[in-house]
Amino acid sequence: MTIYLTGFMGCGKSSTGRRVARALGYTFADTDCLVEETAGKSIARIFAEEGETVFRQLETEALAAIPQEGNTVLPCSERNLSLMRQRGRIVYLASSQERLVHILLACRRDRRPRIAGLDEAGIREYVRTALAQRESYYAQADRTVICDGMDTRHIADEIIAYVRSLEELR
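Each value, and the rule that gives it
- Residues numbered from 1 in each chain as written.
- Predicted model: local features only at pLDDT ≥ 70, side-chain atom pairs only at ≥ 80, totals over all residues.
- Heavy atoms only, no water.
- Core = buried A, V, L, I, M, F, W, Y, C linked by side-chain atoms within 4.5 Å.
- Buried < 20%, exposed > 50% of the residue type's maximum accessible area, 1.4 Å probe, protein only.
- Helix = DSSP H or I, 4+ residues; strand = E, 2+ residues; numbered from the N terminus.
- Contact = heavy atoms within 4.5 Å.
- 1 Å grid on protein atoms, 1.4 Å probe; cavity = no way out; pocket = protein on both sides within 12 Å on 5 of 7 lines; lining within 4 Å.
- Points joined across faces, edges and corners; volume = space filled by probe spheres on them.
- Nonpolar A, V, L, I, M, F, W, Y, C, P; charged D, E, K, R; others polar.
- Pairing = 2+ DSSP bridges.
- Axes fitted to C-alpha atoms, helices over the stretch in contact; angles between N-to-C directions.
- Parallel < 35°, antiparallel > 145°, perpendicular 65-115°, else oblique.
- Left-handed = near helix turned anticlockwise from the far one by under 90°.

Trainee: Could you clarify how one ought to interpret the nonpolar core in this entry?
Mentor: One recurring pattern in soluble globular proteins is that nonpolar side chains are buried together. Counting residues in each nonpolar core, the largest one holds 45 residues, and the members touching the most others are Phe-8, Val-127 and Ile-159. Among the elements of the structure, strand S1 (2-6), helix H1 (13-24), strand S3 (72-76), helix H5 (81-87), strand S4 (89-94), helix H6 (97-106), helix H7 (120-138) and helix H8 (152-169) are those that each provide at least two residues to this core. Residue contacts for Val-127: discarding those within four places in its chain leaves Phe-8, Gln-97, Leu-100, Val-101 and Leu-104. Counting seven residues, the second-largest nonpolar core is a separate cluster that includes Val-35, Ile-43, Phe-47 and Ala-62.

Structure representation (structure tokens):
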């Protein structure tokens, strides 16, 4: 079974995904790392030199290249929703705008091209508008986990319980 974790930048897809995969004995595959390996450069460089469109294409190609057999957890962009729906289950890690802004202000923004160089007001505006644009995609997830007020361990525990319930139905 493949479990796709989707949600806004900074919501914890990768850190939660690693914990979920480890607990379930699944493979963890990070599409960002796969893109960087394939392109031979960082995501920031891809954005700077080739643009977001090229990055998104590489991301889709990396996702499509992941073998279907076996059990895998992947953090993914909502942009590949149709591919994810065909291949597995989608879990949306839902976070409030305030939580996301707090996380993004504390992170290394140079590693996140969409917010590199933005001040607090810019990050707030970006999160507000992007969340609104993506809402219809996120609503299509098979499961939503509300992350506000929860740490990575508790978020992972909720996803693990969901996956185990799916495994029991097989």
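Structure's up, so let's keep going.
Trainee: How should the layout of surface pockets be read in this particular structure?
Mentor: A water-sized probe, rolled over the atoms, reveals where empty space remains. Put simply, the largest pocket is a space of about 970 Å³. For the largest pocket, the lining is made up of 36 residues, of which Met-9, Asp-32, Ile-43, Arg-111 and Arg-112 are closest to its centre. Elements with a minimum of two residues in the lining of the largest pocket: H1, helix H2 (31-39), helix H3 (43-50), helix H4 (52-65), S3 and H7. Classifying every residue of the lining of the largest pocket gives 13 nonpolar, eight polar and 15 charged.

Trainee: I'm lost on the sheet that holds S4 in this one. Help?
Mentor: Hydrogen bonding along the main chain pairs the strands of a sheet, whether they run parallel or antiparallel. If you walk across this open sheet you meet the five strands as S2-S3-S1-S4-S5, and the pairing is parallel. Edge strands, defined here as strands with exactly one partner in the open sheet, are strand S2 (27-28) and strand S5 (143-146). Bridging between S1 and S3 involves five bridges; their strand directions are parallel. Across the sheet, the residue bridging to Thr-2 is Thr-72, located in S3. Each of S1, S2, S3 and S4 is contacted by H1, which is oriented at about 175° to S3, the strand it contacts most.

Trainee: When you look at the pairing of S1 in this model, what are you seeing that I'm missing?
Mentor: In regular strands, side chains alternate between the two faces of the sheet. Most of S1 is tucked away, with five of its five residues classed as buried. Side chains Thr-2, Tyr-4 and Thr-6 of S1 all project onto a buried face; the interleaved residues Ile-3 and Leu-5 project onto the opposite face, where all are buried too. Where S1 lies against S4, four bridges are found, and the strand directions are parallel. Considered in S4, the bridge of Ile-3 is made with Arg-89.

Trainee: I would appreciate a short explanation of the environment of Ala-106 in the present structure.
Mentor: Tracing the chain through its elements places Ala-106 in helix H6. Residue classification places Ala-106 among the exposed positions, given a relative accessible area of 67%. Remark: the alpha-carbon pair of Ala-106 and Gly-10, spanning 96 residues in sequence, is separated by 10.0 Å.

Trainee: Would you take a moment to explain the packing of H1 against H8 for this structure?
Mentor: When two helices pack together, their arrangement is captured by the angle between the axes and the distance separating the axes. It is at 9 Å that the axes of H1 and H8 come closest, and there the two elements cross at 50°. With respect to H8, the axis of H1 lies oblique. In the crossing of H1 with H8, the sense of the turn from one axis to the other is right-handed. Across from Ser-15, Thr-16, Arg-19, Val-20, Ala-23 and Leu-24 in H1, the residues of H8 making contact are Thr-152, Arg-153, Ile-155, Ala-156, Ile-159, Ile-160, Val-163 and Arg-164. For the contact of H1 with H8, a count of residues per class yields eight nonpolar, three polar and three charged.

Read these as geometric descriptors, not functional statements.
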